[in-house]
Amino acid sequence: MNARRIPLSLVVGALLVGVLALIALVSLAWLPYPIEDTSGGRFEGFSADHLLGTDRLGHDLASRMMVGARIALVVGLGAVAVATLIGVSVGLVIALARPWVDDVASALLDVVIAFPTLLLASFGASLATVTVAIGVAASAVVARLTRILARRVLAEQYVLAARTSGVSTWGILTRHVLPNIWPTLATNLAVTMGGAVLAEAGLSYLGLGAPPPNASWGRLLQDAQATFTMQPLGAIAPGIAIVAFVLGTNLAADGLRSLIDPTQGGAR
């Protein structure tokens, strides 16, 4: 029996994302200090009371980092949900459409992919707006990938046989297309989640993310840039968190790809 080993990249990636997700979940029930508490004093260093010190206003950095993890998880999962709902639906419709519809839709997808997420997010600085904007931008990539994968499956002989035997389009999609394309889509969606967190951090850094008192990692970086010499952890901590989350999702995606791709070796 030739069992496939779980790739190390999948284990490491899942561990990184899992730790940050656990911190985000803990922040829902407990924080060392309220997010707007300024009783800690300015620019305090490591201490038992403030594990990461405080910022220029006396906010506890550990508490704000935990809230940032919560925002990152909400944006990542929310953007993936939006991208999946829109992208998979559009991709399947295009795959089933006539050739001229396919050509037009593919051109429109290229336009959406090239459209800056920044413009979509500029319609309102809120967590919901940013999440939807990032999800809509990512949905074009998901739709294009879904179209390619679905058309490949629809051309298989067993699908043609199912059509000939009278299986409905819905039945073909649910029994044959989606089960076969989902593993590849999952790896892409893992990368999308990391990209969404990175995009939200960039938008928050520019002031287009969730407004105060929300403390996203990007906003923490913006707040800390002018006081880096006095409190370097204010910039280092959110920077490391962003890198860890994006690296974790990319490693997890690589691991999933190695696990499900038969060309990587091993029995499927």
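This text goes with the structure placed above it.
Residues numbered from 1 in each chain as written. Predicted model: local features only at pLDDT ≥ 70, side-chain atom pairs only at ≥ 80, totals over all residues. Heavy atoms only, no water.

1. Digging into a nonpolar patch on the surface
Here's step 1: Judged by side-chain polarity, I6, L8, V11 and V12 come together as a nonpolar surface patch covering roughly 380 Å² of accessible area.
Here's step 2: Looking at where I6 falls in the secondary structure, it is placed in the segment before α1 (8-29).
Here's step 3: Here I6 falls in the exposed class, since its relative accessible area comes to 57%. (Patch = residues over 30% accessible without salt bridge, like charges linked within 9 Å, V, L, I, M, F, W, Y side chains within 5 Å. Areas by Shrake-Rupley, 256 points an atom, 1.4 Å probe, with all protein chains shown as cover. Salt bridge = Lys/Arg side-chain N within 4 Å of Asp/Glu carboxyl O. Helix = DSSP H or I, 4+ residues; strand = E, 2+ residues; numbered from the N terminus. Buried < 20%, exposed > 50% of the residue type's maximum accessible area, 1.4 Å probe, protein only.)

2. Some details on the packing of helix α2 (residues 61-96) against helix α7 (residues 169-205)
Here's step 1: Remark: α2 packs on α7, axes separated minimally by 8 Å, with the N-to-C direction vectors making an angle of 145°. For the element pair α2 and α7, the recorded crossing hand is right-handed.
Here's step 2: Here the contact of α2 with α7 is composed, by residue class, of 20 nonpolar, four polar and one charged. (Axes fitted to C-alpha atoms, helices over the stretch in contact; angles between N-to-C directions. Left-handed = near helix turned anticlockwise from the far one by under 90°. Nonpolar A, V, L, I, M, F, W, Y, C, P; charged D, E, K, R; others polar.)

3. Points about the pattern of salt bridges
Here's step 1: Scanning the model with the defined rule gives two salt bridges in all.
Here's step 2: For D55, the salt bridge is made with R64, and the minimal N-O distance between the two is 3.9 Å.
Here's step 3: A residue is classified by how much of its surface remains accessible, and D55, at 15% relative accessible area, is buried.
Here's step 4: Here D254 ties to R257 by a salt bridge, and the two come within 2.8 Å at their closest N and O atoms. Of this pair, D254 and R257 both sit in helix α9 (residues 233-260), three residues apart, which is roughly one turn of that helix.

4. Some details on the packing of helix α5 (residues 127-154) against α7
Between two packed helices, what matters for the description is the angle formed by their axes and the separation of those axes.
Here's step 1: Between α5 and α7, the shortest axis-to-axis distance is 9 Å and the interhelical angle comes to 150°. Comparing the axis directions of α5 and α7 gives the class roughly antiparallel. In the packing of α5 onto α7, the handedness of the crossing is right-handed.
Here's step 2: Class assignment of the residues belonging to the contact of α5 with α7 gives a composition of 18 nonpolar, six polar and one charged. (Parallel < 35°, antiparallel > 145°, perpendicular 65-115°, else oblique.)

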